[in-house]
Number of protein chains: 2
Amino acid sequence: MLFMASSKLIDSSCSIARSLGVLGERWTLLILREALTGATRFAEFRAALGIAPDVLADRLSTLVEYGVMTREPYQEPGARVREAYRLTEAGRELQLALWSLQQWGDKHLPWPDGPTMLRRRCTDGAAVHVGYIDEQGHEVRAGDTQAVRTAAYPSAD
Amino acid sequence: MLFMASSKLIDSSCSIARSLGVLGERWTLLILREALTGATRFAEFRAALGIAPDVLADRLSTLVEYGVMTREPYQEPGARVREAYRLTEAGRELQLALWSLQQWGDKHLPWPDGPTMLRRRCTDGAAVHVGYIDEQGHEVRAGDTQAVRTAAYPSAD
DNA sequence: TGAGCTAAGTTGGCAAAACCAACTCAGAAC
DNA sequence: GTTCTGAGTTGGTTTTGCCAACTTAGCTCA
């Protein structure tokens, strides 16, 4: 086996580090962006991203290994069996993280012609953004948020 | 110059790709996690992450270059001048993206002892999560969201 | 005055990962 | 039975990351 499922990050007590252990390698989040817009086939990812085939094979197998995507053979009538890579529910939930990055890029690394994608509500097309929400489902301002350590936080390092 | 400010991703028309061009290299998001919890000095990042000093220097200079952090000398009384790396407002806004990843990791890559960090409102300590919000400041369910292309979306590839 | 200490790096050699082109393999079409 | 296409694998080169050692500057203390 040439590829090692990514680093020791996945054994970290920090959820951000564990997420990055699965998602943080080069190309992975772009592969997921394509998957969220409907790509399912090896050649589709390859054409859309220009990624080397060995790297793509490695990333897809990592995503399958950690339950972000599934690899399933399928057959169109009159064609031979092919492999389809589909997002699991866990994978679909990564839309939130990708939209966070998209929203940040729209604001802080703007493109001359403006954004190429907008985030909308299906039902009425109203603008949707990513933000902080309290238990009543109401938005919380960024400055009113804080992260706090739990008892599970490692005391001695 | 040994280091090239990261790839051609920053010239992409996709905001996710541009964000990853600045933030997507190995270690970068973990450096930002430390910065959001108060780290400012080279040696602090190094000790917290165990990152090689040349890689850390490269990542910090990329973050400064793109306006995510500032590098400013400061002097404690009776000590020589040192460098402090501080988040800009753009950098502080990345808390949203990091919390998205943390929330995903909490759910899909759980740690045996439970999460080590919780997301809270400062004023009353109530739980806060990251999610989709409409123009009235109310939460939108994930399944009710969609991304749509604008006129700026590149037609011919 | 100069020897030691610390922070913030830089430099050089080695190992791992990414990139690229060429090749494989299987089934369908011709 | 030759060609085509999708989904990869293989081999060689380049880039990136990792590690240890070194550098530089200003402070402290003898």
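See the structure printed just above.
Note that the structure is predicted; figures quoted are calculated from it, not measured.

Participant: Outline the protein's contact with DNA strand C, supporting the account with residue identities and numerical values.
Facilitator: Contacts to DNA strand C come from 21 residues, most closely from W27 and R59 of chain A together with R71, R80 and Y85 of chain B. For DNA strand C, the backbone makes up 65% of the atoms found within 4 Å of the protein, where backbone means sugar plus phosphate. Within the side chain of W27 of chain A, a nitrogen or oxygen atom sits 3.0 Å from a phosphate oxygen of DNA strand C. Take R71 of chain B: an N or O atom from its side chain is 2.6 Å from a phosphate oxygen of DNA strand C. Taken together, the elements giving at least two residues each to the surface near DNA strand C come down to α4 (53-65) of chain A together with α3 (42-49), α4 (53-65) and β2 (81-87) of chain B.

Participant: Any details on the pairing of strand β3 (residues 117-121) of chain B? Residues and values, ideally.
Facilitator: Residues M117, R119 and R121 of chain B line the buried face of β3 of chain B, whereas the alternating positions L118 and R120 of chain B sit on a face that is not buried. Looking at chain direction, strand β6 (residues 145-149) of chain A and β3 of chain B are connected through five bridges and run antiparallel. Within β3 of chain B, the position partnered with Q146 of chain A by the bridge is R120 of chain B.

Participant: I'd like to hear about the interface of chain B and chain A, residue by residue, with values.
Facilitator: Taken together, the 75 residues of chain B in the interface contact 75 residues of chain A. Here chain B and chain A share an interface that buries about 7,100 Å² over both sides, 64% of which is from carbon and sulfur atoms. On the surface where chain B and chain A come into contact, there are four salt bridges. Ionic pairing is found between E93 of chain A and K107 of chain B, a salt bridge with its closest N-O pair at 2.9 Å. If you look at where chain B meets chain A, you find 40 residue pairs in polar contact (both at pLDDT 80 or more). Of all elements in the fold, only α1 (15-23), α2 (28-36), α6 (95-108), β3, β4 (129-133), β5 (139-140) and β6 (145-149) of chain B reach the threshold of two or more residues within the side of chain B that touches chain A.

Participant: Account for the pattern of salt bridges, with residues named and values stated.
Facilitator: All names here are of chain A. Summed over all chains, the structure comprises 20 salt bridges over all chains. Close ionic contact of D106 with R119 constitutes a salt bridge, the shortest N to O distance being 3.2 Å. In this pair, D106 sits in helix α6 (residues 95-108) while R119 sits in strand β3 (residues 117-121), placing the two residues 13 residues apart along the sequence. Assessed through its relative accessible area of 11%, R119 is described here as buried.

Participant: For the nonpolar core, give the residues involved together with the corresponding values.
Facilitator: Among the nonpolar cores identified, the biggest contains 58 residues, and L32 and M69 of chain A together with L32 and M69 of chain B are the most heavily contacted of them. The residues touching L32 of chain A, leaving out its near neighbours within four places in the chain, are L23, L63, V68, M69, L87, L94 and L98 of chain A. Of all hydrophobic cores here, the second largest spans twelve residues; its members include V128, Y132 and V140 of chain A together with L96 of chain B.

Participant: Go over the protein's contact with DNA strand D, please, and point to the residues and values.
Facilitator: Around DNA strand D sit 22 residues, and of these R71, R80 and Y85 of chain A together with W27 and R59 of chain B come closest. Sugar and phosphate atoms constitute 67% of the interface atoms of DNA strand D, taking the interface as everything within 4 Å of the protein. Between DNA strand D and R71 of chain A there is a distance of 2.7 Å, counted from a phosphate oxygen to a side-chain nitrogen or oxygen. One nitrogen or oxygen atom from the side chain of Y85 of chain A is found 2.6 Å from a phosphate oxygen belonging to DNA strand D. Taken together, the residues of the surface near DNA strand D sort by class into nine nonpolar, two polar and eleven charged.

Participant: Can you lay out empty space enclosed by the protein for me, pointing to particular residues and giving the numbers?
Facilitator: Inspection of the entire model under this criterion finds one cavity of 30 Å³ or more. Approximately 30 Å³ is the volume attributed to the largest cavity. Lining the largest cavity, in full, are L29, A97, L98 and L101 of chain A together with A97 and L101 of chain B. For the lining of the largest cavity, the elements supplying multiple residues, two or more each, are α6 of chain A together with α6 of chain B.

Participant: Lay out the packing of α6 of chain A against α6 of chain B in plain terms, naming residues and giving numbers.
Facilitator: Across the interface, α6 of chain A lies against α6 of chain B with an axial gap of 9 Å and an inter-helix angle of 170°. By the angle class used here, α6 of chain A and α6 of chain B are roughly antiparallel. Of the residues in α6 of chain B, those in contact with L96, A97, S100, L101 and Q103 of chain A of α6 of chain A are L96, A97, S100, L101 and Q103 of chain B. For the contact of α6 of chain A with α6 of chain B, the per-class residue count stands at six nonpolar, four polar and no charged.

What counts and how
Every residue gets a number counted from 1 within its own chain, in the order that chain's sequence is written. The lettering of chains begins at A and the numbering of ligands begins at 1, in the order of writing. Where totals are concerned, whole chains, interfaces and linings use all residues; where local detail is concerned, this predicted model gives features only for residues with pLDDT of at least 70, and gives and counts side-chain atom pairs only at 80 or more. For the side-chain quantities, the full set of heavy atoms in the structure was used; hydrogens and water were omitted. When at least one non-hydrogen atom of a residue lies within 4 Å of a molecule or strand, that residue is treated as near it. The definition of a polar contact used here is a pair of N or O atoms within 3.5 Å, where within protein one atom must be able to donate a hydrogen and the other to accept one, and adjacent residues in sequence count solely through side-chain atom pairs. Helix numbers and strand numbers start at the N terminus; a helix is a DSSP run of H or I with at least 4 residues, a strand a run of E with at least 2. Using a 1.4 Å probe on the protein chains alone, a residue whose accessible area is under 20% of its type maximum counts as buried, one over 50% counts as exposed, and one in between counts as partly exposed. Between any two strands, at least two bridges found by DSSP are needed for them to pair. Note on contacts: a residue pair qualifies if any of its non-hydrogen atoms lie within 4.5 Å across the two residues. Defined in terms of a 1.4 Å probe, buried area is the accessible area two parts forfeit on being brought together, summed over both. Whenever a carboxyl oxygen of Asp or Glu lies within 4 Å of a side-chain nitrogen of Lys or Arg, that contact is scored as a salt bridge. Throughout this description, the term nonpolar core refers to a set of buried Ala, Val, Leu, Ile, Met, Phe, Trp, Tyr and Cys residues connected via side-chain atoms within 4.5 Å. Classification used: nonpolar for Ala, Val, Leu, Ile, Met, Phe, Trp, Tyr, Cys and Pro, charged for Asp, Glu, Lys and Arg, polar for all others including Gly. The pocket and cavity definitions rest on a 1 Å grid over protein atoms only: a 1.4 Å probe that fits but cannot leave marks a cavity, an open set with protein on both sides within 12 Å along at least five of seven lines marks a pocket, and residues lining either have an atom within 4 Å of a point. Grid points are joined across faces, edges and corners, and a volume is the space filled by probe spheres set on the points. Every axis corresponds to a line fitted to the C-alpha atoms, with the helix fit spanning only the stretch in contact, and the corresponding angles, defined between N-to-C directions, vary from 0 to 180 degrees. Put simply, angles under 35 degrees are roughly parallel, angles over 145 are roughly antiparallel, angles from 65 to 115 are roughly perpendicular, and the rest are oblique.

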